[in-house]
Amino acid sequence: MNDNAIRILVPAGMLGGGFPPETIERGLVRGADVIAIDGGSTDSGPFYLGAATPKTTRAQVEWDLRILLKAAADARIPLIVGSCGTGGTDAGVDWIAGITEEILAAEGLALTVAAIYSEQKASALVEHLAAGAIHPLPPHGDLEATTLESCTRIVGMMGHEPIEAALRGGAQVVLAGRATDTAVAAAYPLMRDMPAGPTWHAAKIVECGGQCTTDPRAGGVLATIDSDGFTIEPLDPAASCTPASVAAHMLYETADPFRMREPAGTIDVTGATYRAVDERTVRVEGSAFDPAPQHTIKLEGARISGYETMSFTAIRDPHILANIEEWAALLRQVLGEWVTRTLYLEPDAYALDIRLYGHNAVLGEHDPATGPAREVAVMLLVHASDQATATAIATVANPLMLHLPTADMAYLPSTAFPFSPAETERGPAYEFVLNHVVDVEGPTDLFRTEYRKAVADA
Amino acid sequence: MPETLGDLALEVRSKNAGPFWTTMELFMRDEVGYAAAADEDFLNEEVIARLYGTPAEQVRIFRIPALNVVKISFPRPVPQGGFRDRDVHSGQHHVPLALLIPPAAGARRSGDAD
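Rules of the game
- Residues numbered from 1 in each chain as written.
- Chains lettered and ligands numbered in written order.
- Predicted model: local features only at pLDDT ≥ 70, side-chain atom pairs only at ≥ 80, totals over all residues.
- Heavy atoms only, no water.
- Helix = DSSP H or I, 4+ residues; strand = E, 2+ residues; numbered from the N terminus.
- Buried < 20%, exposed > 50% of the residue type's maximum accessible area, 1.4 Å probe, protein only.
- Areas by Shrake-Rupley, 256 points an atom, 1.4 Å probe, with all protein chains shown as cover.
- Lys, Arg positive; Asp, Glu negative; His and termini not counted.
- Charge placed at Lys NZ, Arg CZ, Asp CG, Glu CD.
- Polar contact = N/O pair within 3.5 Å; in protein donor to acceptor, adjacent residues only side chain to side chain.
- pLDDT = per-residue confidence, 0-100.
- Contact = heavy atoms within 4.5 Å.
- Core = buried A, V, L, I, M, F, W, Y, C linked by side-chain atoms within 4.5 Å.
- 1 Å grid on protein atoms, 1.4 Å probe; cavity = no way out; pocket = protein on both sides within 12 Å on 5 of 7 lines; lining within 4 Å.
- Points joined across faces, edges and corners; volume = space filled by probe spheres on them.
- Nonpolar A, V, L, I, M, F, W, Y, C, P; charged D, E, K, R; others polar.
- Buried area = accessible area lost by both parts, 1.4 Å probe.
- Salt bridge = Lys/Arg side-chain N within 4 Å of Asp/Glu carboxyl O.
- Phe/Tyr/Trp six-rings, centres within 6.5 Å; stacked < 30°, edge-to-face > 60°.
- Expected span 1.5 Å × (residues − 1).
- Pairing = 2+ DSSP bridges.
- Axes fitted to C-alpha atoms, helices over the stretch in contact; angles between N-to-C directions.
- Disulfide = S-S within 2.5 Å.

- Chain B appears in an unreviewed UniProt entry as DUF4387 domain-containing protein from Streptomonospora alba.

Printed below as a string of structure tokens:
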């Protein structure tokens, strides 16, 4: 095999998402130099960051990690996991590190593990803010110190540098806190002096595993980076990468499909060409990486916006359905009056969201459809500064949601509640509030690395 | 029935691009479909602004003939997962776009002044 190439094995888009074990066997046979996998994302919402809680169950993660750790040990290649525990919080890194430690002990594997922590203290960031070193990304405006202080968790998204430093420090397994999806795959080839343009572009293409193939469910992919470009192939022999499937992946979850900012610079694929090598392998050349004059770290932060209680009922009566918006407006009006009368709360003390599922809950006023639905689910979401208030308001709503008639009805209908009790407490509700970058002098400045050295072979 | 953009496409999809942006793609079936979707008189920033209630100056449109793709990105009206967000992954927001009906190919003006 060409010694001047680096092969990255990406088994799946997310640790804990599962993959066929054969995907790893084939990748090792094809000469993989590193295994890289993402462990998190903001894509499932602010709760996972704000509450520092993983989206995956322990059993799922353990199943994936056991296969990956054994493969890394057998093949003597590094394993890199990014954005541990979904949000990439310190608790998420410790969670994955704990599972790793158990597997290594149970399997008798001697691997040195580096944990890289990316959580940020608001007080330290406030100093950066005061120094003018924090800047908004569109569509946001300037940041207030109080916004930083209101976050339950803030993470900085690391680039490849802290991961590369951990590998150079002797780590065989790198468990990174919040990292860019691409940095996880780019770190090892960059350390081995592969060119930045092809490395970053390849890293972007493989970050979701099989998503860049014709069968995204078929398992992982192998990217081979060399001095002129990269080649990409699926690890399932029945799946294919085509120029269209690879190029189309640049569109996925990107606001701009040609230029993407990393801490160290910008990936630019405007001049990239995609060519079929055979019916399942694609060659990409012409990718560029423009180093930035200022190294920046993107911040993500989530805070508790309040507490929520949900109530839910369903309507099948054609007369109400024919007047459903009028009915929902009446529910909102009467509920507001009752809450003021019984709980002494003015409308600015809480918020209501009445969603008509089956009518226009998903798209609201932008829904293009017309005409009454066959049935409609009415979701009442109450948001207040504490749980007891949110639940009290939802409870006041209960007889209205059960019996409210339209203005022209001469009788009281009864709607179809699916549960008793009707109210479900959702607990604290989180919101993302940071979309800003901080200027840093060194690319590893905001991150802390701890090593757990392998015990010498027994 | 007149053909919608969705009828002329292999796939129309929408998704978050980070917590503060929605992005959507029209993967058109062929060059004819692409020409319909890429027609700036028919589909432009103002049309997207009306369709989704977002400021036109923040809408970004990428026309990619090599892939027969038109990609559209704009800031989310509500941040992902916040109170009043009803589509945490922005996964169903492509529907109003897919239902747009382009002018019939014959009626489309190709000779407009540049």
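1. Structural notes on the overall build of chain A
Move 1: Per the secondary structure count, chain A includes 13 helices and 20 strands.
Move 2: Its C-alpha atoms put chain A at 85 × 50 × 50 Å along the principal axes.
Move 3: Per-residue burial over chain A gives 56% buried out of 458 residues.
Move 4: A total of about 18,700 Å² of accessible surface is found on chain A, and carbon and sulfur atoms cover 52% of it.
Move 5: Each charge class in chain A can be summarised by its mean position, and for the 31 positive and 59 negative side chains these summaries are 5 Å apart.

2. With respect to the side chain of Thr254 of chain A
All names here are of chain A.
Move 1: Relative to the helices and strands, Thr254 resides in the loop between helix 10 (243-249) and strand 10 (259-262).
Move 2: At 2.7 Å, the side chain of Thr254 forms a polar contact with the backbone oxygen of Met250.
Move 3: Reaching out from Thr254, the side chain makes a polar contact with the backbone oxygen of Leu251 at a distance of 3.2 Å.

3. Considering the confidence of the model for chain B
Residues and elements named next belong to chain B.
Move 1: For chain B, per-residue confidence averages 92 on the pLDDT scale, and residues scoring 70 or more make up 91% of the total.
Move 2: Every residue in residues 109-114 is under pLDDT 50, and counting partners more than four places away or in other chains gives one contact.
Move 3: Model confidence for the complex is summarised by a pTM of 0.95, with the ipTM given as 0.92.

4. Focus: the side chain of Asp353 of chain A
Move 1: Residue position: Asp353 of chain A is located in strand 16 (residues 350-357).
Move 2: Polar side-chain contacts of Asp353 of chain A include one of 2.7 Å to the side chain of Arg86 of chain B.
Move 3: With residues near it in sequence (within four places) discarded, Asp353 of chain A still touches Arg332, Met379, Leu380 and Leu381 of chain A together with Phe83, Arg84 and Arg86 of chain B.

5. Structural notes on the nonpolar core
Residue and element names in this part refer to chain A.
Move 1: In terms of nonpolar packing, the biggest core is built from 63 residues, with Leu148, Ile163 and Ile232 touching the most fellow members.
Move 2: The element best represented in this core is helix 8 (residues 181-191), accounting for eight residues.
Move 3: Formed by 35 residues, the second largest nonpolar core is a distinct cluster that contains Val61, Leu109, Val173 and Leu222.

6. Let's talk about empty space enclosed by the protein
Residues and elements named next belong to chain A.
Move 1: Tallied over the entire structure, the rule returns three cavities of 30 Å³ or more.
Move 2: For the largest cavity, the calculated volume is near 60 Å³.
Move 3: Val10, Ala12, Ala36, Ile37, Asp38, Asp181, Val184, Ala185, Val206 and Glu207 are the residues that line the largest cavity.
Move 4: The set of elements that each furnish at least two residues to the lining of the largest cavity consists of strand 2 (34-40) and helix 8.
Move 5: Among the residues forming the lining of the largest cavity, the class breakdown is seven nonpolar, no polar and three charged.

7. Some remarks on the interface of chain B and chain A
Move 1: If you look at the interface, chain B gives 39 residues, while chain A gives 38 residues.
Move 2: For the chain B and chain A pair, buried surface summed over both sides reaches about 3,100 Å², with 62% attributable to carbon and sulfur atoms.
Move 3: When the buried surface of chain B facing chain A is broken down by residue, Phe20, Phe83 and Arg86 of chain B rank first, second and third, together holding 26% of it.
Move 4: Taken together, the links from chain B to chain A amount to five salt bridges.

8. Some thoughts on the packing of aromatic side chains
Think of a pair of aromatic rings as described by two things: how far the centres are apart, and how the planes are tilted against each other in angle.
Move 1: Considering all chains together, one arrives at six aromatic pairs over all chains under this definition.
Move 2: A centroid spacing of 6.3 Å and a plane angle of 65° characterise the contact between Phe258 of chain A and Phe62 of chain B, whose relative ring orientation is edge-to-face. Pair noted here: Phe258 of chain A is in the loop between helix 10 and strand 10 and Phe62 of chain B is in strand 3 (residues 60-64), and the two residues belong to different chains.
Move 3: Exposure remark for Phe258 of chain A: the relative accessible area of 28% places this residue in the partly exposed category.
Move 4: Chaining the aromatic ring pairs together yields one cluster made of Phe47, Tyr48 and Tyr430 of chain A.

9. Here's the deal with helix 3 (residues 58-75) of chain A
Residue and element names in this part refer to chain A.
Move 1: The terminal C-alpha atoms of helix 3, which comprises 18 residues, lie 25 Å apart, in line with the 26 Å expected from a rise of 1.5 Å per residue.
Move 2: Buried within helix 3 we find Val61, Asp64, Leu65, Ile67, Leu68, Leu69, Ala71 and Ala72.
Move 3: Tucked into the core, helix 3 has its buried residues touching helix 1 (21-29), strand 2, strand 3 (79-86), helix 4 (90-107) and strand 7 (173-176).
Move 4: Just past helix 3, the residue Arg76 takes up positive phi, approximately 55°.

10. A closer look at the sheet that holds strand 11 (residues 265-268) of chain A
All names here are of chain A.
Move 1: One open sheet accounts for three strands, arranged 10-11-14; its pairing is antiparallel. Both outer strands of the open sheet, strand 10 and strand 14 (288-291), are each paired with one neighbouring strand and no more. Looking at each pair of strands side by side, their axes are set apart by 25° on average, direction ignored.
Move 2: Here strand 10 pairs with strand 11 via four bridges, running antiparallel.

11. What about unusual backbone geometry?
All names here are of chain A.
Move 1: The amide bond that connects Pro138 to the next residue, Pro139, takes the cis arrangement and shows omega of 10°.
Move 2: Tracing the sequence through the fold places Pro139 in the loop between strand 5 (134-136) and helix 6 (145-150).
Move 3: Omega for the bond connecting Ser420 with Pro421 falls within 30 degrees of zero, at 0°, which places this linkage in the cis form.
Move 4: One can find Pro421 in the loop between helix 13 (387-403) and strand 18 (423-432).
Move 5: Its identity is not glycine, yet Asp193 carries a phi of approximately 65°, on the positive side.

12. Focus on the state of the cysteines
What makes a disulfide is a covalent bond joining the sulfur atoms belonging to two cysteines.
Residue and element names in this part refer to chain A.
Move 1: This structure, assessed with the given rule, holds zero disulfides over all chains.
Move 2: Here Cys241 stays free of any disulfide, with the sulfur of Cys212 as its closest cysteine sulfur at 4.5 Å.
Move 3: Judged by relative accessible area, which is 1%, Cys241 ranks as buried.

13. What about the pairing of strand 2 (residues 21-28) of chain B?
Residues and elements named next belong to chain B.
Move 1: Within strand 2, eight of the eight residues are buried, leaving the element largely enclosed by the surrounding structure.
Move 2: Alternating positions in strand 2 separate into two faces, Trp21, Thr23, Glu25 and Phe27 on one and Thr22, Met24, Leu26 and Met28 on the other, with burial throughout.
Move 3: Hairpin connection between strand 1 (residues 9-16) and strand 2: a loop of four residues separates the two successive antiparallel strands, and Gly18 in this loop has a positive phi of roughly 80°.

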